[in-house]
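An overview of the molecular structure
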Amino acid sequence: MKFSFIVATYKRNRELENCLASIEKVYLRKKKYEVEAVVVFQAGEQPLENMAQRFSAFGKFHCIQGKGLAKARNYAVKTSTGDIFIFLDDDAEIKEDFVEILAEHAQNNETGAFSGRILEKQTNRCFAECFNDTRVKRLRCRDFKYFMGSAHVFRKEVFVK
């Protein structure tokens, strides 16, 4: 099973470097899963040379003209080689056991999509609480002002369909 981290970025080099460093920890664990990071820079922006060199063992870096999260992610998907796509924001970081836990869930059922829990870094609270309007115990999609766009996971065949 191969995991492709899909990261679209624009003018956030420091945050991106932290994101890639967290993916690097997953990669270095070298368990039974392959890991790649496909990073797409938008609007002609280029990766920093030292960043591209540091993460070259698992990172693929691409540049596209124009901007747009969907455009950048779709480009990354076309160049990725993974069985499972993990869409991360460029300012997100993951725990080093993320792939192992995800693989366990992916192997034990036929679910085609998953969502990771996003924690606020300083308080370790669920980040979605910041955007909750109602503070109810059961949440509906209308209870949030924003769609949380990071940590979405899709099997390749589901995404392609």
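Conventions adopted
- Residues numbered from 1 in each chain as written.
- Predicted model: local features only at pLDDT ≥ 70, side-chain atom pairs only at ≥ 80, totals over all residues.
- Heavy atoms only, no water.
- Helix = DSSP H or I, 4+ residues; strand = E, 2+ residues; numbered from the N terminus.
- Buried < 20%, exposed > 50% of the residue type's maximum accessible area, 1.4 Å probe, protein only.
- Contact = heavy atoms within 4.5 Å.
- Areas by Shrake-Rupley, 256 points an atom, 1.4 Å probe, with all protein chains shown as cover.
- Polar contact = N/O pair within 3.5 Å; in protein donor to acceptor, adjacent residues only side chain to side chain.
- 1 Å grid on protein atoms, 1.4 Å probe; cavity = no way out; pocket = protein on both sides within 12 Å on 5 of 7 lines; lining within 4 Å.
- Points joined across faces, edges and corners; volume = space filled by probe spheres on them.
- Salt bridge = Lys/Arg side-chain N within 4 Å of Asp/Glu carboxyl O.
- Pairing = 2+ DSSP bridges.
- Right-handed = clockwise from strand over helix to strand, strands pointing away.

Turning next to the overall build of the protein. Along its length, the protein carries 5 helices and 6 strands. The order of helices and strands in the protein, counted from the N terminus, is β-α-β-α-β-α-β-α-β-β-α. Burial analysis of the protein (161 residues in total) assigns 40% to the buried set. Contacts spanning at least 24 positions in sequence make up 69% of the contacts within the protein whose residues lie at least 6 apart. Put simply, the protein shows about 9800 Å² of open surface, and 49% of that area lies on carbon and sulfur atoms.

Our next topic: the environment of aspartate 90. Relative to the assigned elements, aspartate 90 resides in the loop between β4 (84-89) and α4 (98-108). Exposure remark for aspartate 90: the relative accessible area of 5% places this residue in the buried category. Residues aspartate 90 and alanine 8, 82 residues apart in the sequence, show an inter-C-alpha distance of 6.4 Å. Here aspartate 90 is in contact with Val7, Ala8, Thr9, Tyr10, Arg12, Glu15, Leu16 and Cys19, once residues within four sequence places are set aside. Among the polar contacts listed, one links the side chain of aspartate 90 to the side chain of threonine 9, at a separation of 2.8 Å.

What follows concerns empty space enclosed by the protein. Taken as a whole, this structure holds 1 cavity of 30 Å³ or more when the rule is applied. Of the voids in this model, the largest cavity is the one considered here, and its volume is about 50 Å³. Taken together, Val26, Arg29, Lys30, Lys31, Tyr33, Val35, Val99 and Glu100 form the lining of the largest cavity. Of all the secondary-structure elements, those providing two or more residues to the lining of the largest cavity are α1 (13-29) and α4.

For the rest of this paragraph, the subject is the pattern of salt bridges. Where side chains of opposite charge bring their charged atoms close, a pairing between them can arise. If you walk through the whole model with that rule in mind, you get 11 salt bridges. With a closest N to O distance of 4.0 Å, glutamate 34 and lysine 2 form a salt bridge. A residue pair is termed long-range when its members are at least 10 positions apart, and glutamate 34 in strand β2 (residues 34-41) and lysine 2 in strand β1 (residues 2-9) qualify at 32 residues. On the accessibility criterion, lysine 2 (17% relative accessible area) is buried.

Here we come to the side chain of threonine 9. Within the secondary structure, threonine 9 sits in strand β1. When neighbours within four sequence positions are excluded, threonine 9 is seen to be in contact with Leu16, Val39, Val40, Phe41, Gln42, Glu45 and Asp90.

What follows concerns unusual backbone geometry. Despite not being glycine, lysine 11 has its phi angle at roughly 55°, a positive value. With respect to the helices and strands, lysine 11 occurs in the loop between β1 and α1. Lysine 11 gets classed as exposed once you look at its relative accessible area, which sits at 59%. Positive phi, close to 60°, is recorded for alanine 43, a residue that is not glycine. Here alanine 43 shows up in the loop between β2 and α2 (49-54).

Attention now moves to the pairing of β2. On a regular strand, each side chain points to the face opposite its neighbour's, so the side chains alternate between the two faces of the sheet. Most of β2 sits out of view: 7 of its 8 residues are buried. By the bridge criterion, 8 bridges tie β1 to β2 in an arrangement that is parallel. Each residue of the ladder has a partner; that of lysine 2, found in β2, is glutamate 34. Two strands pair when backbone bridges link them, and β2 and strand β3 (residues 59-63) are joined in this way by 5 bridges, in the parallel orientation. By the bridge assignment for β3, valine 39 is matched with phenylalanine 61. With α2 bridging β2 and the parallel β3, this β-α-β connection has right-handed handedness.

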